[in-house]
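Secondary and tertiary structure notes
The chain contents come next:
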Amino acid sequence: MSTDDIAAKRGIGYTPNIGEVLHKLDVGEYQAGFVLRPTPIEQVRAVAAEGETMPPKSTYFFPKLLTGIVFNPLA
C-alpha cells in the first residue's frame, strides 16, 4: 500500500468494535485484523508537546465532538 492509499483509506478499515473485526474476518471482508490497546493520553500530550502529530487513527477517542457540523457547511 502506498502512502496515498493509506491517506485515502483504500484497502484499510478502522473500527473500535472487536466483534466487528472478527465478523469481517470470518466473512472474508478483511484479510487481517489488528487489535490495539488505546494510546495513553500522556503519550498523545508528549507527542504534541514536541510539535509532532500522531499517526492516523492512533488517537481514536469517544465520544466524538460534533466538529463536522461546525467545519462543514450543511447547505
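So, here is what we can say about the structure in this document. Every chain's residues receive numbers from 1 upward, in the order its sequence appears when written. A pLDDT threshold of at least 70 governs which residues receive local features in this predicted model, and a stricter bar of 80 or more applies before side-chain atom pairs are shown or counted, although totals over entire chains, interfaces and linings include all residues. The basis for the side-chain values is all heavy atoms of the structure; hydrogens and waters are excluded.

1. Here we look at the overall build of the protein chain
What counts as a helix is a DSSP run of H or I of at least four residues, what counts as a strand is a run of E of at least two, and both are numbered from the N terminus. A tally of helices and strands in the protein chain yields four helices and zero strands. In sequence order, the secondary structure elements of the protein chain are arranged as α-α-α-α. Three exposure classes are used, based on accessible area relative to the maximum for each residue type with a 1.4 Å probe and protein chains only: buried under 20%, partly exposed in between, and exposed over 50%. For the protein chain, the residues scored as buried account for 8% of the 75 residues in total.

2. What about the pattern of salt bridges?
Salt bridges, as used here, are contacts in which a Lys or Arg side-chain nitrogen is within 4 Å of a carboxyl oxygen on Asp or Glu. Under the defined criterion, the tally for this structure stands at two salt bridges. Put simply, E20 and K24 hold a salt bridge, and the shortest N to O gap is 3.3 Å. You can see E20 and its partner K24 sitting in helix α2 (residues 18-26), four residues apart, about one turn around the helix. Across the pair K24 and E29 runs a salt bridge, and its minimum N-O distance is 3.4 Å. Classification of K24 by relative accessible area gives buried; the value is 16%. Beyond isolated ion pairs, a larger network of salt bridges with shared partners links E20, K24 and E29.

3. Regarding α2
Between a side-chain oxygen at the N-terminus of α2 and the backbone nitrogen of G19 the separation is 2.8 Å; the capping residue is N17. At the C-terminal side of α2, G28 shows a positive phi close to 85°. Polar contact is defined as a pair of N or O atoms within 3.5 Å, subject to the rule that within protein one atom must be able to donate a hydrogen and the other to accept it, and that residues adjacent in sequence are counted only when both atoms are side-chain atoms.

4. Topic: a nonpolar patch on the surface
Two distance rules govern patches: like charges are joined within 9 Å, and nonpolar side chains (Val, Leu, Ile, Met, Phe, Trp, Tyr) within 5 Å, applied only to residues with over 30% relative accessible area and no salt bridge. What sets the accessible areas is the Shrake-Rupley method with a 1.4 Å probe; for residues, cover comes only from the shown protein chains. On the surface, a nonpolar cluster with roughly 370 Å² of combined accessible area is contributed by M1, I6, I12 and Y14. Within the secondary structure layout, I6 lies in helix α1 (residues 3-7).

Read these as spatial facts, not as claims about activity.
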